[in-house]
Amino acid sequence: MFAQPGDERRRAHPESRRPRRARRIATAVLLTLLAGIGAAGPLLASTTVVHHGPRSERIVALTFDDGYHPQAVRAILAALDDAGIRATFFPTSSAVKASPAVWRAVAAAGHAIGNHTINHPDLARLDQDAIRHQLTASRTVIERVTGVSQIPYARPPYGSWDAAVVRAAGAAGYRRLVLWDVDSRDWRRPSLRTLVANATSGRPGSIVLLHTLPGTAQALPSIIRSYASRGYRFVTVPQLLR
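Residues numbered from 1 in each chain as written. Predicted model: local features only at pLDDT ≥ 70, side-chain atom pairs only at ≥ 80, totals over all residues. Heavy atoms only, no water.

Engineer: Teacher, can you tell me more about the pattern of salt bridges here?
Structural biologist: Opposite charge on two side chains makes pairing possible when the charged atoms of those side chains draw close. Applying the stated rule across the entire model yields five salt bridges. Between Asp181 and Arg55 there is a salt bridge whose closest N-O contact spans 2.9 Å. One end of the pair, Asp181, is in the loop between strand S6 (176-178) and strand S7 (182-183); the other, Arg55, is in the loop between strand S1 (48-50) and strand S2 (59-66), and 126 residues separate them in sequence. Residues Arg155 and Asp65 are paired through a salt bridge, measuring 2.8 Å at the closest nitrogen-oxygen approach. One end of the pair, Arg155, is in the loop between strand S5 (153-154) and helix H8 (163-171); the other, Asp65, is in strand S2, and 90 residues separate them in sequence. Asp65 shares its class with Arg155; the two are buried. (Salt bridge = Lys/Arg side-chain N within 4 Å of Asp/Glu carboxyl O. Helix = DSSP H or I, 4+ residues; strand = E, 2+ residues; numbered from the N terminus. Buried < 20%, exposed > 50% of the residue type's maximum accessible area, 1.4 Å probe, protein only.)

What follows is the structure, encoded as structure tokens:
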């Protein structure tokens, strides 16, 4: 459950670029050592990086990143409403500011809304003050627009993080950095069949990465039916990780 360490090309899948393997391993070792000796202080101890929830129950969390394409967001909302399920959205605050009515509708429908920064930078390339600003300023905008409190979970753009990002997220009040274990690869604009197959490869406790893209909205009813036919229930990320 706990981590190791996706514009058309980049924005289409803002989480597609991964940190190098060596960097992920070094970061994981660093976090382990710091936790063990207490040098990281309470922030590292209380802020965790997760890829999935417990594997003991047939539940899955659908998550939607970015928030661009407001018509796609509305279509996603309609599909979720038709199925009577709740999901988790990680929009950038720039997308929320651009389409405030859409994001008020997301909040009014009861979906969880997390933090995906202001404008999608690689947080691991920023200093502590800049990381905290990306998270806190984004939260302020989203809460002002939607009128609801943001969940204390953030998704780092590109899935990129290190010890400094964890520390800054903790300082900004975030309990979790939420990654994923199922990548729909919808950013590649695959065929409907391929997108559905990618998105439905989850296991109990999976977190599914999707984006607010037109093709994703089209595929969503099939994704929902596939999981439901196998006995899965849909939960928000806070419900999954409680």
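Engineer: How should I be thinking about the confidence of the model for the protein in this particular structure?
Structural biologist: Summary statistics for the protein give a mean pLDDT of 87 and a share of 81% for residues scoring 70 or more. Under a pLDDT of 50 for its full length, residues 16-45 has, in the predicted model, 38 contacts with residues more than four places off or in other chains. (pLDDT = per-residue confidence, 0-100. Contact = heavy atoms within 4.5 Å.)

Engineer: Whenever I open this one, the environment of Gly159 confuses me. Can you help?
Structural biologist: Position of Gly159 relative to the elements: it lies in the loop between S5 and H8. Since its relative accessible area comes to 7%, Gly159 is described here as buried. Residues Gly159 and Leu177, 18 residues apart in the sequence, show an inter-C-alpha distance of 9.2 Å.

Engineer: Whenever I open this one, the pairing of S2 confuses me. Can you help?
Structural biologist: Look at any regular strand and the pattern is simple: side chains alternate between the two faces of the sheet. Extensive coverage of S2 is indicated by the burial of eight of its eight residues. Pairing geometry for S2 and strand S9 (residues 233-234), over two bridges, is parallel. In the sheet register, Val60 faces S9, and the bridge partner there is Phe234. When S2 meets strand S8 (residues 206-211), the two strands line up parallel, connected through six bridges. Paired with Val60 across the strands is Ser206, a residue of S8. Bridge analysis of S2 against strand S3 (residues 88-91) gives four bridges, and the strand direction is parallel. The partner of Asp65 across the bridge, within S3, is Phe90. A crossover links S2 with its parallel partner S3, the connecting element being helix H4 (residues 70-83), and its sense is right-handed. (Pairing = 2+ DSSP bridges. Right-handed = clockwise from strand over helix to strand, strands pointing away.)

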